[in-house]
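# A closer look at the structure
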Amino acid sequence: MKVFVQIPCLNEEQTLPMVLDTIPKELPGVDSVEVLIIDDGSSDRTVEVAKEHGVTHFVRHARNMGLARSFRDGVDYALAHGADIVVNTDGDNQYKQERIADLVAPVVSGEADIAIADRQTKKIAHFSPFKKVMQQVGSQVVNIAAETELPDAASGFRAYSKASLMRLNVITQFSYCMETIIQAGNKRLRIASVPIDTNPKTRESRLFNNIFQHMWKSGSAIVRAYLMFKPHTVLLWLAAITGVVGLVPFIRFLIFALMGEGGGHIQSLLFGLVLLTCSFMTFVVMIIADLLRTNRVLMEDVLERVKLIQYGTPNHPLVGSGGTVPTSTGPIATGWVDGNAPGTREYAPGTAVTDDEVVDQWAAAAGRETPHGRQG
């Protein structure tokens, strides 16, 4: 079993050495531990510092692409190199890397598909009282949307099994944290929470300028992810509310008409008619949204099968390993040797790859035409 510890970095040359020095070289139940640096457009010596500390796996962005894109590209790289578990941590030394063993333990044992560190935000000294309250409120909102019970939904210190990463698809650009939890909860993946302590603060966050910007962006990501899975819930309530309110003027007019005072209430009828029209249109949109949701589920199923062909069957206690995956050109062996599926793809460790090059390499490895016109 191979674990990849990926570290998204943006100008982290000062704190990165502390992170790399504390990452365990060995983990119980794990054959090898690899470190992957995702350089998200750094302008300092982040990459050079990582190489000096023995890192051989890199994904580099020509410009800053954001945390969500960094996470997604890192996961793709790790899976392509045979990762059975992907651990995501930060380059600012916020998390204690010594706890990686505890974090991956429920995933290694097969008790969970995803493990998320609980920073116990009430104990974090540099968090203001307002931020602590908002962290709790945000986690509760995510739990409602995902039907989970996680104390710290915003924590970025996580371990994902290969099987779970096959089913998750990051589409937001701000942060993957909220979206992956909502997806995992609605897809009935098992999520474990691991209490940890954090290191002292080293710098201000680069994801947002202030807590209100963070709340706005996180809220937008939560709403968008929730609507992906349950658009009918929101739209049905909206249709029901506008429909009920729209009936009130008609009932009021009927009462006046029975009393012989029906004249002079045309405005109320027009207002009710507008609301009833809105209710009907919302109901129609709900039907369309539900059909789109069904289409998305089918597309995700196809994408999962593509990932199985591309990365191989997950080596997981509850899934098993070995076997073959049928393709149009014959079976592809799914037993990984030294991080590579035999006969399917080969990557050179230590090679820094950019966004388009990664996609082209995958396409070439699969023997199909690349997105940029070159034949693999």
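Up top is the structure these notes are about.
Since we're looking at a predicted model, the values are computed, not measured.

### Considerations on the overall build of the protein
The secondary structure content of the protein amounts to 11 helices and 10 strands. Within the protein, the fraction of its 376 residues that count as buried is 48%. Considering only contacts in the protein between residues 6 or more positions apart, those separated by 24 or more positions represent 68%. Taken as a whole, the protein presents about 18600 Å² of accessible surface, with 61% of it coming from carbon and sulfur.

### Quick word on the packing of helix α5 (residues 129-146) against helix α7 (residues 177-186)
For the pair α5 and α7, the least separation of the axes is 8 Å and the interaxial angle reads 30°. Crossing angle aside, the handedness with which α5 passes α7 is right-handed. Of the residues in α7, those in contact with V142, A145 and A146 of α5 are M178, I181, I182, G185 and N186. Among the residues making up the contact of α5 with α7, the classes are represented as six nonpolar, two polar and no charged.

### What about the pattern of salt bridges?
According to the stated counting rule, one finds 12 salt bridges in the structure shown. Of the charged contacts, one joins R60 and D39 as a salt bridge, the two residues approaching to 3.4 Å between their closest N and O atoms. A residue pair is termed long-range when its members are at least 10 positions apart, and R60 in strand β3 (residues 57-61) and D39 in strand β2 (residues 32-40) qualify at 21 residues. Overall, the relative accessible area of 2% leaves D39 in the buried class. Measuring nitrogen to oxygen at the nearest pair gives 2.7 Å for the salt bridge that ties D152 to R119. Of this pair, D152 sits in the loop between α5 and β6 (158-161) while R119 sits in the loop between β5 (114-118) and α5; the two residues are 33 residues apart in sequence, bridging distant segments of the chain. You'll find D152 and R119 in the same group, each marked buried. Taken together, the shared-partner salt bridges in this structure form one network comprising E147, R188 and K230.

### Digging into a nonpolar patch on the surface
Taken together, L236, F283, I287 and L291 make up a surface patch of nonpolar side chains, about 370 Å² in accessible area. The leading source of residues in the nonpolar patch is helix α10 (residues 266-311), at three residues. Of note, L291 is situated in helix α10. L291 gets classed as exposed once you look at its relative accessible area, which sits at 57%.

Rules and cut-offs
- Residues numbered from 1 in each chain as written.
- Predicted model: local features only at pLDDT ≥ 70, side-chain atom pairs only at ≥ 80, totals over all residues.
- Heavy atoms only, no water.
- Helix = DSSP H or I, 4+ residues; strand = E, 2+ residues; numbered from the N terminus.
- Buried < 20%, exposed > 50% of the residue type's maximum accessible area, 1.4 Å probe, protein only.
- Contact = heavy atoms within 4.5 Å.
- Areas by Shrake-Rupley, 256 points an atom, 1.4 Å probe, with all protein chains shown as cover.
- Axes fitted to C-alpha atoms, helices over the stretch in contact; angles between N-to-C directions.
- Left-handed = near helix turned anticlockwise from the far one by under 90°.
- Nonpolar A, V, L, I, M, F, W, Y, C, P; charged D, E, K, R; others polar.
- Salt bridge = Lys/Arg side-chain N within 4 Å of Asp/Glu carboxyl O.
- Patch = residues over 30% accessible without salt bridge, like charges linked within 9 Å, V, L, I, M, F, W, Y side chains within 5 Å.

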